[in-house]
Amino acid sequence: SAVISQKPSRDICQRGTSLTIQCQVDSQVTMMFWYRQQPGQSLTLIATANQGSEATYESGFVIDKFPISRPNLTFSTLTVSNMSPEDSSIYLCSVEAFADTQYFGPGTRLTVL
Amino acid sequence: DQQVKQNSPSLSVQEGRISILNCDYTNSMFDYFLWYKKYPAEGPTFLISISSIKDKNEDGRFTVFLNKSAKHLSLHIVPSQPGDSAVYFCAASVRGGGNKLTFGTGTQLKVEL
């Protein structure tokens, strides 16, 4: 498996501001993913981030709201832009490190006031 | 459209007994299935997976069964231990389709002494 860290682990932000979440993995991986878990809900894929190409967004998610960077094979960032209380969620990154299996970071708990 | 469903939001089992968690899916294109365990304030932890070419996979106390005709899978934990108390998510993907995971809504398992 892969060891994945995320920063920050949690944050409380004001409406209208932006937050950038970092995801670092201890080995080089091709595919990284960003998920959101809203309160009481399941995990929903936001986008797939591959190094050297633009992220691929799922239906309902757009680059202007959730810009993603993937500068190398061990690192990615997700920005939540112009936040509203509806963006309060746990944001998780994952990597595909072995045989179609994804391993997840510890998550970033975001509260928007 | 919820393509992966876990109809039991919670399950309570006595220590030492068997825990059976169920999951149903609707998309016949799914060919790889995974179970994750999630503790509060942590990211999901991979437990076990199964390919659609199999109907059973076992790893220690965990066994996953797949019934393709019924589009149903289950996770058996035996014997159940108090440390197994967590939320369990099933997830499904289409291999070669970007390996995006579609998650169920989760089942809260409580193992009582």
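Because the structure is predicted, anything quoted here is derived from the model rather than measured. In this numbering scheme, every chain counts its residues from 1 along its sequence in written order. Following the order in which they are written, the chains are lettered starting with A and the ligands numbered starting with 1. Selection of residues for local features in this predicted model requires a pLDDT of at least 70, selection of side-chain atom pairs for listing and counting requires 80 or more, and totals for whole chains, interfaces and linings are taken over all residues. Side-chain measures were taken over the full set of non-hydrogen atoms in the model, leaving aside hydrogen atoms and water.

> Lay out the overall build of chain B with the relevant residues and their values.
Here a strand is any run of E in DSSP of at least two residues, a helix any run of H or I of at least four, and the numbering for each starts at the N terminus. What chain B contains, in helices and strands, is zero helices and eleven strands. Along chain B, from the amino end to the carboxyl end, the secondary structure elements read β-β-β-β-β-β-β-β-β-β-β. Here the globule rule is a power law, 2.2 Å times the number of residues to the power 0.38, and the radius of gyration is based on C-alpha atoms. A globule of 113 residues ought to have a C-alpha radius of gyration of about 13 Å, and chain B, at 13 Å, matches this closely. Its C-alpha atoms put chain B at 40 × 30 × 20 Å along the principal axes. Burial classes: relative accessible area under 20% of the type maximum marks a residue as buried, over 50% as exposed, and values in between as partly exposed (1.4 Å probe, protein chains only). For chain B, the proportion of its 113 residues judged to be buried stands at 43%. In short, Shrake-Rupley with a 1.4 Å probe defines the accessible areas, and a residue's cover is counted only from the protein chains shown. Total accessible area on chain B is roughly 5,400 Å²; 49% of this is exposed by carbon and sulfur atoms. Counting 12 positive and 10 negative side-chain charges, chain B places the averaged centre of each group 4 Å from the other. Just so you know, the count uses Lys and Arg for positive and Asp and Glu for negative, and it drops His and the chain ends. Lys charges are placed at NZ, Arg charges at CZ, Asp charges at CG and Glu charges at CD.

> Run through the overall build of chain A, naming residues and quoting values.
The number of helices and strands found in chain A is zero helices and eleven strands. Shown N-terminal to C-terminal, the secondary structure of chain A runs as helices and strands in the order β-β-β-β-β-β-β-β-β-β-β. For a compact globule of 113 residues, the expected C-alpha radius of gyration is about 13 Å, and chain A comes in at 13 Å, within 12% of that figure. For chain A, the spread of C-alpha atoms along the principal axes amounts to about 40 × 25 × 20 Å.

> Which residues make up the sheet that holds strand 8 (residues 75-80) of chain A, and what values go with them?
Note: strands within a sheet are paired through backbone hydrogen bonds, in either parallel or antiparallel orientation. Residue and element names in this part refer to chain A. We treat two strands as partners when DSSP finds at least two bridges between them. Spatially, 1-3-8-7 is the arrangement adopted by the four strands of the open sheet, whose pairing is antiparallel. Sheet topology places strand 1 (4-7) and strand 7 (68-72) at the edges, where each strand pairs with a single neighbour. Averaged over all pairs of adjacent strands, the angle between strand axes in this sheet comes to 15 degrees, irrespective of strand direction. As judged from the six bridges shared by strand 3 (residues 19-25) and strand 8, these two strands associate in the antiparallel manner. Axis definition: a line fit to C-alpha positions, over the contact stretch in the case of helices; interaxial angles, taken between N-to-C directions, run 0 to 180 degrees.

> Mind laying out the environment of A:Q6, listing which residues take part and the relevant values?
Residue and element names in this part refer to chain A. Along the chain, Q6 falls in strand 1. Taking C-alpha positions, Q6 is 20 Å from S42, a pair spaced 36 residues apart along the chain. The criterion used for residue contact is that any of the two residues' heavy atoms lie within 4.5 Å. Not counting chain neighbours up to four residues away, the residues in contact with Q6 comprise I21, Q22, W34, Y91, L92, C93, G105, P106, G107 and T108. Separated by 3.0 Å, the side chain of Q6 and the backbone oxygen of Y91 make a polar contact. Polar contacts, as counted here, are pairs of nitrogen or oxygen atoms within 3.5 Å of one another; within protein the pair requires one atom able to donate a hydrogen and one able to accept it, and residues that are adjacent in sequence qualify only if both atoms are side-chain atoms.

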